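Commentary on secondary and tertiary structure
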Amino acid sequence: MSENMRTWRVIDTGLRRAAENMAINHAILEAHQEGTTPHTLRFLQFLPSALLGYHQSAEQELDLDYCRQHGIEIQRRITGGGAIYFDQAQIGWELYVDKQTLGTADMGQIARRICEAAAAGIRQLGVDAQFRPRNDIEVQGRKISGTGGASDGDSILYQGTLLVEFDVERMLRVLRVAAEKLTGKAIASARERVVNLKDLLGVAPDFLSVKSALTRAFASAFNVSFDEAVDLNDIEVAKFHHALQTMDTPQWVHRVQRPRSEAPILTSLYKCQGGLMRVAVAVDILRNHIKQVWIIGDFFVNPRRMVVDLEAALKDTPAAQLYANVQRFFDAYPAEMLMLTRHDFITAIETALATAEFSVPVISA
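Definitions and limits used
Residues numbered from 1 in each chain as written. Predicted model: local features only at pLDDT ≥ 70, side-chain atom pairs only at ≥ 80, totals over all residues. Heavy atoms only, no water. Helix = DSSP H or I, 4+ residues; strand = E, 2+ residues; numbered from the N terminus. Rg over C-alpha atoms; globule rule 2.2 N^0.38 Å. Buried < 20%, exposed > 50% of the residue type's maximum accessible area, 1.4 Å probe, protein only. Contact = heavy atoms within 4.5 Å. Areas by Shrake-Rupley, 256 points an atom, 1.4 Å probe, with all protein chains shown as cover. Salt bridge = Lys/Arg side-chain N within 4 Å of Asp/Glu carboxyl O. Polar contact = N/O pair within 3.5 Å; in protein donor to acceptor, adjacent residues only side chain to side chain. Axes fitted to C-alpha atoms, helices over the stretch in contact; angles between N-to-C directions. Parallel < 35°, antiparallel > 145°, perpendicular 65-115°, else oblique. Left-handed = near helix turned anticlockwise from the far one by under 90°. Pairing = 2+ DSSP bridges. Domains from an automatic or database assignment. Buried area = accessible area lost by both parts, 1.4 Å probe. Nonpolar A, V, L, I, M, F, W, Y, C, P; charged D, E, K, R; others polar.

A tally of regular secondary structure across the chain gives 15 helices and 17 strands. The C-alpha atoms of the chain give 21 Å as radius of gyration, which agrees with the globular expectation for 365 residues (21 Å, within 12%). With the principal axes as the frame, the chain shows a C-alpha extent of 65 × 45 × 40 Å. Out of the 365 residues in the chain, the part that is buried amounts to 54%. In the chain, 70% of the contacts between residues at least 6 apart in sequence involve partners at least 24 apart. Summed over its atoms, the accessible surface of the chain is roughly 16,400 Å², and 49% of this surface lies on carbon and sulfur atoms.

Moving on, we come to the pattern of salt bridges. For the structure shown, the criterion picks out 23 salt bridges. A salt bridge links Lys143 to Asp136, with the nearest nitrogen and oxygen atoms 3.6 Å apart. Given the relative accessible area of 30%, Lys143 is considered partly exposed. Take Asp136: its relative accessible area is 19%, and that puts it in the buried class. What you see here is one network of salt bridges that share partners, running through Arg258, Glu262, Asp284, Arg287 and Asp316.

A few words on the side chain of Gln45. Mapped onto the elements, Gln45 comes out in strand β2 (residues 40-46). Side-chain polar atoms of Gln45 contact the backbone oxygen of Gln88, separated by 3.4 Å. Discounting residues that sit within four places of it in the chain, Gln45 has contacts with Gly14, Leu15, Arg16, Asn21, Gln88, Gln90, Phe207 and Lys211.

In this section: the packing of helix α14 (residues 322-332) against helix α15 (residues 342-353). With their axes 10 Å apart at the nearest point, α14 and α15 run at an angle of 150° to one another. As the angle between them shows, α14 and α15 are arranged roughly antiparallel. Crossing of α14 over α15 shows right-handed handedness. Touching Leu322, Tyr323, Val326, Gln327, Phe330 and Asp331 of α14 are Arg342, His343, Phe345, Ile346, Ile349, Glu350 and Leu353, all from α15.

Burial analysis of strand β14 (residues 289-298) places seven of its 10 residues in the buried class, which makes it a mostly covered element. In this structure, strand β13 (residues 275-284) lies alongside β14, joined through nine bridges in antiparallel fashion. Along β14, the bridge assignment pairs Ala282 with Gln292. Count of turn residues in the β13/β14 antiparallel hairpin: four residues, of which Asn288 carries a positive phi of about 55°. Pairing analysis gives two bridges linking β14 to strand β16 (residues 317-318), with the strands arranged antiparallel. Looking across to β16, one finds that His289 is bridged to Pro318.

Our focus in this paragraph is the domain arrangement of the chain. Interfaces are often described in size by the accessible area the parts lose on coming together. For the chain, the domain assignment lists domain 1 (4-253) and domain 2 (262-353). Here the C-alpha centroids of domain 1 and domain 2 sit 28 Å apart. The interface is formed by 16 residues belonging to domain 1 together with 20 residues belonging to domain 2. A combined buried area of about 1,400 Å² lies between domain 1 and domain 2, and 51% of that area is made up of carbon and sulfur atoms. The interface formed by domain 1 and domain 2 includes three salt bridges. Arg305 serves as the salt-bridge partner of Glu138, at 2.8 Å between the closest nitrogen and oxygen.

Our next topic: the packing of helix α1 (residues 18-34) against helix α11 (residues 234-247). At a minimum axis distance of 8 Å, the contact between α1 and α11 shows a crossing angle of 130°. Classified by the interaxial angle, the pair formed by α1 and α11 is oblique. In terms of crossing hand, the pair formed by α1 and α11 is right-handed. On α11, the residues touching Ala19, Glu20, Met22, Ala23, Ile24, His26, Ala27, Ile28, Glu30, Ala31 and Glu34 of α1 are Ile235, Glu236, Lys239, Phe240, Ala243, Leu244 and Met247. Looking at the contact of α1 with α11 residue by residue, the classes come out as 12 nonpolar, one polar and five charged.

This is the structure we're talking about:
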């Protein structure tokens, strides 16, 4: 072992309710910022849960009736990003480190370094996992892990999910944005965009093997050894119970409340020489932003993942920048399209936006 090798802690907090997992996030991050917790790798699992990003509204992002009917707990993360569905068939991993260790405060560089390490760990399981900017890990163009981070002073919490097994249709029903598209074709399209370890390997690996592979990869990437902790330390436990009193409440879960009318999902059916496009656009009317775009249909593009990459490039796009962003994407993205042009994509999205009172300059004509 190198004399310069440092020792971090690895801890597994097991299968828990979402509120408990979120309270542990808060406790470890706060204790780390105060200097009472070492650099830590944490593994976690969830009972069925719908997790909101810190700034999101449950009314806009989730099918609340479906969650209630199926016993799916709704919780709010302390990190940003979009809503996700989590259950026992996924593994969560988290790193708590400081900015000096990572050598930067830039979240893009932090995401790259940590995700490349996580991807190396997933490759040890026998699949070709690769980091995909901004913050995904993919196997052959299909997402297997989503990630995100938050900071508190000098401390960074960076977390990710790993799909071991996954129920795509349940995810679509939980997430209100996607639930608008519960057609057979939309479900099939979603299955093409995500993948899990069981599908890739033919059998689900045991969770211990997965955690061991990720631990080895993080140890190698950061030149550290890991000491296994049985439980949280006393300071973290006290902070956990204090945070749980706040987070295990409707007031925390619904701290952001915005009506669905401010975040409609607009759809269009657009026919052109290249085929038929079905477009759904989630918009934020107050901010005049396009939150997310989904494009499916009967048309030919190569590589097939081009549409997925375009959707990713248009996430959280100011409406006034739609035309420029699509042009910028195609300028940098070599793709083969049969009787299809970049303007067809722009027009299909604009057609959806035109179905509501949404301010976007139609300048593609």
